[in-house]
Amino acid sequence: MSRSRPRKGDPLARRVGRALRQMVASSSAREVRLAGEAAARMQQPITTGRQIVVTSVRGGAGKTTIAALLGAAYAHHRADPVLTMEADPTLGTLPLRAGATSLRWTMSDLARVVEPSMRFDQVIGYLVALPEGGWLLPGSRGQIGAQVGLEAYQTVAMALRRFFAVTVVDCATLPDEVARSAMAGAQARVLATPATVDGVVSTRAVLDWMASLPRPMLRGTVVALTATSANPGVDLAAAERYLRVGDARVVVLPHDRHVAAGGAIELGLLGQEIRVAVAELAGELLSQAVRG
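Let me begin by describing the structure that accompanies this report. (Residues numbered from 1 in each chain as written. Predicted model: local features only at pLDDT ≥ 70, side-chain atom pairs only at ≥ 80, totals over all residues. Heavy atoms only, no water.)

Bringing the overall build of the protein chain into the picture now. Of the regular secondary structure elements, the protein chain holds 12 helices and 8 strands. For the protein chain, the residues scored as buried account for 51% of the 292 residues in total. Sequence separation of at least 24 residues holds for 80% of the intrachain contacts in the protein chain that already meet a minimum separation of 6. (Helix = DSSP H or I, 4+ residues; strand = E, 2+ residues; numbered from the N terminus. Buried < 20%, exposed > 50% of the residue type's maximum accessible area, 1.4 Å probe, protein only. Contact = heavy atoms within 4.5 Å.)

Let's shift gears to the side chain of Thr221. Assignment of secondary structure puts Thr221 in strand S7 (residues 221–226). Of the polar contacts made by the side chain of Thr221, one reaches the side chain of Arg189; its length is 3.1 Å. When near neighbours in sequence (up to four residues on either side) are disregarded, Thr221 contacts Arg189, Leu191, Leu207, Met210, Asp247, Ala248 and Arg249. (Polar contact = N/O pair within 3.5 Å; in protein donor to acceptor, adjacent residues only side chain to side chain.)

Okay, the sheet that holds strand S2 (residues 82–87) next. Ordered in space as S3-S4-S2-S5-S1-S6-S7-S8, the 8 strands form an open sheet in which the pairing is mixed. Among the strands making up the open sheet, the edge pair consists of strand S3 (128–129) and strand S8 (249–253). Here 2 bridges tie S3 to strand S4 (residues 135–137), and the two strands are oriented antiparallel to one another. Paired with Val128 across the strands is Leu136, a residue of S4. Contacts from helix H8 (residues 177–185) reach strand S1 (50–56), S2, strand S5 (166–171) and strand S6 (188–194) within the one sheet, and its direction differs from that of S1 by about 140°. Contacting S1, S5, S6, S7 and S8, helix H12 (residues 272–291) crosses the sheet at an angle of about 155° to S8. (Pairing = 2+ DSSP bridges. Axes fitted to C-alpha atoms, helices over the stretch in contact; angles between N-to-C directions.)

Running from N to C, helix H3 (residues 63–77) and H12 point in directions that differ by 80°, and their axes come no closer than 10 Å. As summarised for this structure, H3 and H12 are arranged roughly perpendicular, according to the angle between their axes. Two secondary-structure elements touch here, H3 through Ile66, Leu69, Leu70, Ala73 and Tyr74 and H12 through Val278, Leu281, Ala282, Leu285 and Leu286. Of the residues contributing to the contact of H3 with H12, the split by class is 10 nonpolar, no polar and no charged. (Parallel < 35°, antiparallel > 145°, perpendicular 65-115°, else oblique. Nonpolar A, V, L, I, M, F, W, Y, C, P; charged D, E, K, R; others polar.)

Here we come to a nonpolar patch on the surface. Where nonpolar side chains cluster on the molecular surface, the patch consists of Val197, Val201 and Tyr242 and spans about 270 Å² of accessible area. On the secondary structure map, Val201 appears in helix H9 (residues 197–212). (Patch = residues over 30% accessible without salt bridge, like charges linked within 9 Å, V, L, I, M, F, W, Y side chains within 5 Å. Areas by Shrake-Rupley, 256 points an atom, 1.4 Å probe, with all protein chains shown as cover. Salt bridge = Lys/Arg side-chain N within 4 Å of Asp/Glu carboxyl O.)

Core analysis: the largest hydrophobic core is formed by 48 residues, its most contacted members being Met85, Leu137, Tyr153, Leu160 and Leu207. Of all the elements in the fold, those that place two or more residues in this core are S2, helix H5 (107–113), S4, helix H7 (150–160), S5, H8, H9 and S7. For this core, the element with the most residues is H7, which contributes 6 residues. Here Leu137 is in contact with Leu83, Thr84, Met85, Glu86, Trp105, Thr106, Met107, Leu110, Tyr126, Leu127, Val156 and Leu160, once residues within four sequence places are set aside. (Core = buried A, V, L, I, M, F, W, Y, C linked by side-chain atoms within 4.5 Å.)

Another aspect to go through is the pattern of salt bridges. Tallying each qualifying case throughout the model produces 12 salt bridges. A salt bridge links Arg119 to Asp121; the nearest nitrogen and oxygen atoms lie 3.0 Å apart. By relative accessible area, which is 47% here, Arg119 ends up partly exposed. Judged by its relative accessible area of 46%, Asp121 falls in the partly exposed class. In this structure, Glu284 and Arg249 form a salt bridge, with 3.1 Å as the shortest nitrogen-oxygen distance. Note that Glu284 is positioned in helix H12 and Arg249 in strand S8, a separation of 35 residues in sequence. Of the residues examined, Glu284 reaches a relative accessible area of 5% and is grouped as buried. We classify Arg249 as partly exposed; its relative accessible area is 37%. Ionic contacts of the salt-bridge type, sharing partners, join the residues Arg41, Arg249 and Glu284 into one network.

According to the stated counting rule, one finds 3 aromatic pairs in the structure shown. Here the aromatic rings of Trp105 and Tyr126 are separated by 4.4 Å at their centres, their planes lie at 90°, and the arrangement is edge-to-face. Within this pair, whereas Trp105 is found in the loop between helix H4 (94–98) and H5, its partner Tyr126 is found in the loop between helix H6 (120–123) and S3, the two being separated by 21 residues in sequence. Given a relative accessible area of 19%, Tyr126 falls into the buried group. The structure contains a cluster of three or more aromatic residues connected by ring pairs, namely Phe120, Phe163 and Phe164. Above the ring of Tyr242, the side-chain terminus of Arg204 is found at 4.8 Å from the ring centroid. (Phe/Tyr/Trp six-rings, centres within 6.5 Å; stacked < 30°, edge-to-face > 60°. Lys NZ or Arg CZ within 6 Å of the ring centre and 35° of its normal.)

Here's what the structure looks like:
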């Protein structure tokens, strides 16, 4: 099957309109300022490895896409190593979204051989180098039925933390056991939420549950409210207000044609609006993780 040319995130009319606006005024100044502030937050010093977990209440919420976007953003802005890890027992699409051209060892494979004495150059022999930068550890090599168990996840997450400044973990949907354990052990968390009525209501229920725990997890949690189409089925501003529970933050990710195409994500093809939103999300998460 021939591969079609990747689509740019912004349609031609929007790109032309932006170019015209930039000719007559500095209309992009705010976007540039926000992106610069977010980049500075992504580049802040880290003394120990920070883990950011991405999950959702149901499938199709965009969690894997968000994990791939975050991994690429951190790898682009940071000079130290960044890892994106797939902790989903289902047949996930993280390798595709991250642009991996081949798969090597899985998380379960690495859990059987990893040792405290291993060096960084030995560890990366089990990982996949990504075209947008950073490294990938897949949950499977494309086999249906591959499992990511809790023990394997905890073993690998603990062993690799010292090698990577930032680790982004793409987890299964809640209430999966690995996802719950990963959320509890992470320094920051993302709840991927589609901009639909049922998606927003379900996520609000999870936020209320997180607030009721003996050790609440709302601090360090960011809701990524994703527009699944150019005309979302809910009022984004109203949904954003509804999802602000306790210390949880909300970042709106606008619809983008390149992201919606479903293939490998290329940062250079993202539209300006999603580029700024992803930078805001990544910067906020890392700030929360460093404080955590």
